[in-house]
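# Secondary and tertiary structure notes
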Amino acid sequence: LVMPILEDTLFNECHYARHSAINLVGGVVESLMKGARQFGQDLLLAEGVMTREKRQFTLAALYMVRSDEWRSVAQAAAQVWKAIVQNTPRTLKEIMPILIRRIITNLASGSAEKVKVASRCVGELVEKLGGRVMQEIMPIFEQSIKSNNPLIREGVCIALQAVIDSASRDLIRDHVSSIIPAVQQAICDPEESVRRAASAVIAHEEAGEQAIHAVIPGLLEQMLNPPAMTQAEVDPSRERAMDGLSQLVLLQPRVVMNKLLPKLCKEPVDLMKVRGLGCLAACDSDDIIRSFSVMIPAVVSAMVCPEGLEDDSDLRIAAIASAGQFMKPIDGHGLSVLVSELTAAREADASPERQRAVAHLFAEFLRTTTASLAAYASVIQAPLLEITLTATEEEVWAAGHDALGALSKAKTANVQVPQKAAAAGASGDDVQVLAVNVSEMRDCIESIAERYEWQTLPGLSFPGSLEHLYPIYQVALINGAAEARQVAAKGLGDLVTLTAKPILEAHRTFAGPLIRVLGDRFDAFVKVAIIDTLRLLLEKVGPSLKQFFPQLQTAHVKCLSDTDAQVRSRSCATLGLLAGLNPRTDSLLTKLAKGASAPDADVRRSTLQALVTVQSKLTPMNAATQEAVSVALLEAIVAEDEEERVIAARGVALFLVAVPEKATEILGQVVVERVQHPNWIYRHGACCTLAGLCAEGGEAGYTHVREAVGDFEDALKKLLEDDKVPVQSAAVDLFLSIGQLPTAEPLPESLSALGTQVAKKHGKKVAPPGF
C-alpha cells in the first residue's frame, strides 16, 4: 500500500518531496529485506521481498530518479541504488523492458517533471551504453508504438527524440533503419499529438533529411494508392498519411517539396494529389513560385477531367481549395509569374472546360489574397476579359464574370478607394494609376472587339454582362482626372457597341452619370467623348432612355454654348437624333429659336444648325412654336455671317416643307422683298432659301418658288450673273436643284447654258437628269 504512493512521489514537482520519497523508499526496502532476513543482498534477487515484477518496477523508478536535475535528489537516489543493487549492469539488463515502458509512460504523462527525468534517463542510458542499449530499447519502441494507448505512442516519439539528442551521429546512422518504421507509423497516427511528436523526431538535424527521404515514399504510397476521385474513396488512413506529409512539409519544406512534386503532379491528377498540392502552401513562397509551371497545370488538369467538371464534385472543390492555399501568400513578383502561368494554362487548350477552370482559379486567388494589386490589376484583368467576353457557354461566362467581380472588389480595396480621395480634389499618383488601369482595360476590350469586327461579343449577351465592367468605367468617369474621364466615356461607348441590345436596355441607367458629368465644367475632349457615347446609346436603345430625354435635351442645348467647335457640332447632331425619338419637340425648338440670337457668332451658328437639324426630325408644331422658329430663321437669313445665312436658309426651306400653309406668306417676304434687294446679303439669303426649298421640297417646293417669283427665269438669270460670288454660288445651287427634278418644267436653253457655265466656273459638277 505504501510503495505505490512513494513511487509516485519520486516524480513530484517539488524536489524536497522527491528527496524525501527516495529516502522513504530506501527505508521501506531496507525494512522489508531485514524482515525477510535478506538484508545486504541484491533486491532483484531477494525472492521474499515483494513480487519480482514489483521489485523490477521499484528499481526502474529509482534508476530514473538518478537522472533528476536536482543534484541532491540524484545523489540520494544513487545512494539508495548502491545499497540495494550489487550488480548494476545485470540489474539494468533485467529491468530494461520495464524501465523503457516506465520512461515512455512518464514522457507522455504531461507532467513536466516526469518528462524531464525520463528524457535525462534515456539520454544517460544511450551515452553510457551506446549500441548495446540501442539494441535493447529499439525493439521495445517498435512494439510500444503499436499500443492502443495514444499516450504510450506519443511517449515513444518523445523517447526517440531523447535518444537522437544523446546518441552520436555514427550510432544514429547505424540504427536509423530501426528508427524509421516507428516514426513512419507515428507520423500518420490517428492522434494529432502523436503526429506532432513524430514530426519532431524527423526535425532533428541528425536524423532529419535521411529520415524524411526514408519516410516519404511509404506515406505517398499510403496516401495515393489506389487513385481516388471522390471523398468517399478516401479512408482515414489516407487522411492520416496526408497529415503526416503536411507535418514533414513544415519541418523540411524544400526537401519535402522536391520529393512530392513529381508524384503529385503526375497524370492523372486525382483528389489526393490536388489535396497534397495544397499542403505545399507552407513552403517558401519563392519555391512555390518556381514550381507554378507544374503545379498550375496539374490543378487545371484535375478540373478539366470528367470527374472534375461538375461544380459540386469533390475533385473540383479540392482542386480550387488547394490552389487557393498555395496561391494565397503570393505577392510582388510572384503575381506576374502566377498570372503568366494561369494565362499559359488557358492558352494551352481553347476548350471551354479549360477556360472555366482557369477563371475559377483566378477567382479563388482574388478572393483570398491579401496582396496589393495596384501594380498588377491590369495584368490580371486582361485574361479574365478574354475569357468572359469571348465565352459562348454560360458556365464559362459565369466563371469569368465571377472572377471579374472578385477583381473589382480587390481593386476597390487596393486601388480605387485611395484614388477617389485623390480625384476628389487632391493631386496624386493614384489618379494617374486609375487612368492607366482604365486605359489598359479599354485597350484589351478593343483588341477583342477587332477580332470580332466590332460586332456584338458573345460574352456581352448574357444577363448581367455589364455588372462588373460598367462600374470600373463609372468610377473613372465620376472621380478620375480628365484623361481618365475621357477614356472611361470612350470605353462605355465601346460597351454600347459590343453589348447585345436586350442587355444594354437593362443597364440603361448608366446614361445618368454620363449626363451628369457632361453638365459639369470639364475639358472639351471629355465632353466630346461623352456626347459620342450618348449618341451611340440613343442610336441603339433610344426608346428605352425615355426617362432621360429631358436631361439629355438640357445638357446638349447647354453644350451648344461651349467654346469648342467639336462639342457644339456633336451636340447639334445628337439633338437631331433625340428629336426623332422624342415627340415633344416644341419646348426644344423654342429654346433653340431663342438661342439663335445669342451675341456670340459661334454659338449662334451652332444653335441655328441645331434648330435646322431638329426640324429635319420634326413632328407638327403648335402655333407659338411655328412663330418663334420662323422669326428666328428669317432674321438669320440676312445675318452678316455667310455661314449663318446658309444654315438659316436651309432651316426656312425645311420649315416651309413642314408647314406648307406658311409658304405663300413667307416666300412673299423673302422673294419679293429680297431676291432683287440692293444689299447682296439679302439677295444671298433669299437665293439660298429658294435653292433649299427646291432641294428639300421637291416638285412642291419648286411650284411654291415659281408662284412666288413672278418672272422666275429672269430672276434666276440675274442671280446667276450677280457680281457677288456667294450669290452666284447660291444661284448655281438653285439651278442644279431644279435640274434634279425630273418632271419640272425645263428651263430655256440660254438659261441652262448660262447656269452650266457659271456652275463650272464655281467648280460644281453639272449632270442633272432634267437637263
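Our subject is the structure that appears above.
So, a few notes on the structure that sits alongside this text. (Residues numbered from 1 in each chain as written. Predicted model: local features only at pLDDT ≥ 70, side-chain atom pairs only at ≥ 80, totals over all residues. Heavy atoms only, no water.)

## A word on helix α36 (residues 725-739)
- An ideal rise of 1.5 Å per residue puts 21 Å on 15 residues; α36 measures up with 21 Å between its terminal C-alpha atoms.
- In terms of burial, α36 is largely enclosed, as 12 of its 15 residues are buried.
- Turning to α36, its buried residues number three or more, namely P726, V727, Q728, A730, A731, V732, L734, F735, L736, S737, I738 and G739.
- Tucked inside the fold, the buried residues of α36 contact α32 (642-658), α34 (680-708), α35 (712-720) and α37 (749-761). (Helix = DSSP H or I, 4+ residues; strand = E, 2+ residues; numbered from the N terminus. Expected span 1.5 Å × (residues − 1). Buried < 20%, exposed > 50% of the residue type's maximum accessible area, 1.4 Å probe, protein only. Contact = heavy atoms within 4.5 Å.)

## A few points about the side chain of S322
- Counting through the fold element by element, S322 comes out in helix α16 (residues 314-327).
- Classification of S322 by relative accessible area gives buried; the value is 2%.
- Looking at S322, its side chain comes within polar contact range of the main-chain oxygen of V274, at 2.6 Å.
- Not counting residues within four places of it along the chain, the set of residues in contact with S322 comprises V274, R275 and G278. (Polar contact = N/O pair within 3.5 Å; in protein donor to acceptor, adjacent residues only side chain to side chain.)

## Looking at the side chain of T613
- Its place among the elements puts T613 in helix α30 (residues 601-616).
- Filtering out sequence-adjacent residues up to four positions away, T613 remains in contact with C572 and G576.

## Points about the packing of aromatic side chains
- Taken as a whole and assessed by the stated rule, the structure comprises five aromatic pairs.
- Between Y63 and W81, the ring centres sit 5.4 Å apart and the planes meet at 65 degrees, which makes this aromatic pair edge-to-face. Of this pair, Y63 sits in helix α3 (residues 52-65) while W81 sits in helix α4 (residues 71-84), and the two are 18 residues apart along the sequence. The pair formed by Y63 and W81 is uniform in burial state, with each residue classed as buried. (Phe/Tyr/Trp six-rings, centres within 6.5 Å; stacked < 30°, edge-to-face > 60°.)

## Notes on the pattern of salt bridges
- One pass over the full model with this rule turns up 27 salt bridges.
- We note a salt bridge from R442 to E446, for which the minimum N-O separation is 3.1 Å. Linking R442 with E446, this pair stays in helix α21 (residues 429-451), spanning four residues, or about one helical turn. Take R442 and E446: they sit in the same class, and that class is buried. (Salt bridge = Lys/Arg side-chain N within 4 Å of Asp/Glu carboxyl O.)

Geometric values such as these leave the question of function open.
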